[in-house]
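# Examining the three-dimensional arrangement
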Amino acid sequence: MGKNLYDLLQVYSCQGTCSMHMPGHKRRALHSPELPWHMDISEIDGFDNLHSSAGILLEAEARAAELWGSDAAYFLVNGSSGGILAGIYACTRPGDRILLARNCHKSVYHAVEILGLHPVYLDPPIVADAGLAGSIPPEAVARAIAAHPDIRLAVITSPTYEGVLSDVGDIAEVVHRRGIPLMVDEAHGAHLGLDSHFPPSAVGQGADLVVQSLHKTLPSLTQTAILHRMGARVPQAALRHAVGVFQSTSPSYLFLASMDGCVSFLRERGAASLAAWRARLDRFYREMTGLRHLRLLNGNFDNIYAHDPGKLTILTGGTNLRGTALMAALRSDFGIELEMALDGYAVAMTSLASTDEDFARLGAALRASDETCTPSPAQTPIALPPMPEQVMPAGEALRLPGRREAFAESVGEISRAYVWAYPPGVPIVTPGVRVTRDIADALAQLAARGVKLDSTFGAAQGFLEVVDNPVKIG
């Protein structure tokens, strides 16, 4: 039998083996016949076990490690979030201090919560006229470590949802001088480092752990990701155990086959596909230089170290059009669904599967939108406010009785909830912090500008869940 997992599943599905094991559908389409029931199996003989791989899955992970240049690669069937939780769990103990970029995904904050960690935040500089987070300066990392020498782990996001990259190499040097491992959330950059047409990956720039979502920019099923380990700062046994803690013990073989297939595709056809993708992007950026009002983010903006061109971040600042309105107009008028939007910009995600027609449709829609929008007095974009003082562990605040307060009335209270706009899933406020005026104003302004806010306890349009405690400071 072949070594590719998909091929092996196809062969097995034709053998007529009687299924007296999970899953319950027994590879028969009792409903939804379009789904690939015939290849959905569990850890039966000959198909290895993701939690103790010794055969085809071990070989598949080794192929992935070789492709990206890591020392070890771990397949993840519950997305990058599971890899982030596992990586932080493997590197810290309850009560440790952790350095994290303020714009990290909420899964990093969840790790802080469940492990009782003490976060030290790195506030990224803001990109003017856009309100989005710029690159993390290595100097800021050095200052934070000097002020908190007991930090056990540093976590940053590069690239961000908007494609902003940080200088991972210099940051790695800074933290490694103190013996601190660096974990990079590269969920949006699985395509990086595979070809010279795109910026390098954190895998080859000194990071100790890198998490990538294959499904975001590469041809793999939604929910598939990889955790890479480099060097010896993170013990292999501890990481393997942590991955097992945060992964299902019944991983989908369809997910695993799509990851193995994605790696095979990249090994065989990746160079040509990545080159073609970059050529389409370069042509698109050239064509969009004719826009009069809308702009595309690139690496030439202040506070941006580098930018991934695969993320088309469309800036609406200085016009009468908000990012949320642009996203809605492209959906209703042009049949184009973008990835996300906030008040000052919208993001169109591309991949090596994006076609010439896709780029042409988006380009025509942006030109039409650019013609109809008008210059408008600059409205200050709403930037991510600094995280307030942590006065109570997040896990404790979540378990206390609470009440709802209007945003304006929540200042001085202790938040009982996470509140975020998703995407990008970066918490604006977390449980256990003392709500500041900056936080309350940001929440109110985002809601007023049409940004949908979610929270631990449901929608957060106008109200914040706070700890039911009468002690309040203004």
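Just so it is clear, the model here is predicted, and its values are computed rather than measured. (Residues numbered from 1 in each chain as written. Predicted model: local features only at pLDDT ≥ 70, side-chain atom pairs only at ≥ 80, totals over all residues. Heavy atoms only, no water.)

### Considering the overall build of the protein
Counting its secondary structure elements, the protein contains 13 helices and 21 strands. At 23 Å, the protein has a C-alpha radius of gyration in line with the 23 Å of a compact globule built from 474 residues. Expressed along its principal axes, the backbone C-alpha trace of the protein runs to roughly 70 × 55 × 50 Å. Counting every position in the protein, which comprises 474 residues, the buried fraction comes to 56%. Here the contacts in the protein between residues at least 6 apart in sequence split such that 71% fall between residues at least 24 apart. When the accessible surface of the protein is totalled, it reaches about 19600 Å², and 53% of it is carbon and sulfur. (Helix = DSSP H or I, 4+ residues; strand = E, 2+ residues; numbered from the N terminus. Rg over C-alpha atoms; globule rule 2.2 N^0.38 Å. Buried < 20%, exposed > 50% of the residue type's maximum accessible area, 1.4 Å probe, protein only. Contact = heavy atoms within 4.5 Å. Areas by Shrake-Rupley, 256 points an atom, 1.4 Å probe, with all protein chains shown as cover.)

### A closer look at the sheet that holds strand β19 (residues 454-455)
Ordered by their spatial adjacency, 4 strands build an open sheet running β18-β17-β19-β20, and the pairing between neighbours is antiparallel. A strand with exactly one partner marks an edge of an open sheet, and here the two such strands are β18 (426-429) and β20 (458-459). (Pairing = 2+ DSSP bridges.)

### Some points on helix α13 (residues 437-448)
Helix length check: α13 (12 residues) gives 16 Å between terminal C-alpha atoms against 16 Å at 1.5 Å per residue, within 8%. Those residues of α13 not exposed but buried are Ile439, Ala440, Ala442, Leu443 and Leu446. Angularly, the buried residues of α13 cover 165° about the axis, an arc narrow enough to put them on a single face. Of the surrounding elements, those touching the buried residues of α13 are β17 (419-421) and β18. At the C-terminal side of α13, glycine 450 shows a positive phi close to 90°. (Expected span 1.5 Å × (residues − 1). Arc of directions from axis to C-beta.)

### Topic: the sheet that holds strand β14 (residues 340-341)
Read from one edge of the open sheet, 4 strands run β11-β13-β15-β14, paired in antiparallel fashion. Among the strands making up the open sheet, the edge pair consists of β11 (295-296) and β14. As paired strands, β11 and strand β13 (residues 311-315) are joined by 2 bridges and run antiparallel to one another. Following the sheet pairing, arginine 295 is matched in β13 by leucine 315. Along the sheet, helix α9 (residues 253-287) contacts β11 and β13; its crossing angle with β13, the most-contacted strand, is approximately 15°. (Axes fitted to C-alpha atoms, helices over the stretch in contact; angles between N-to-C directions.)

Distances and angles like these do not, on their own, reveal function.
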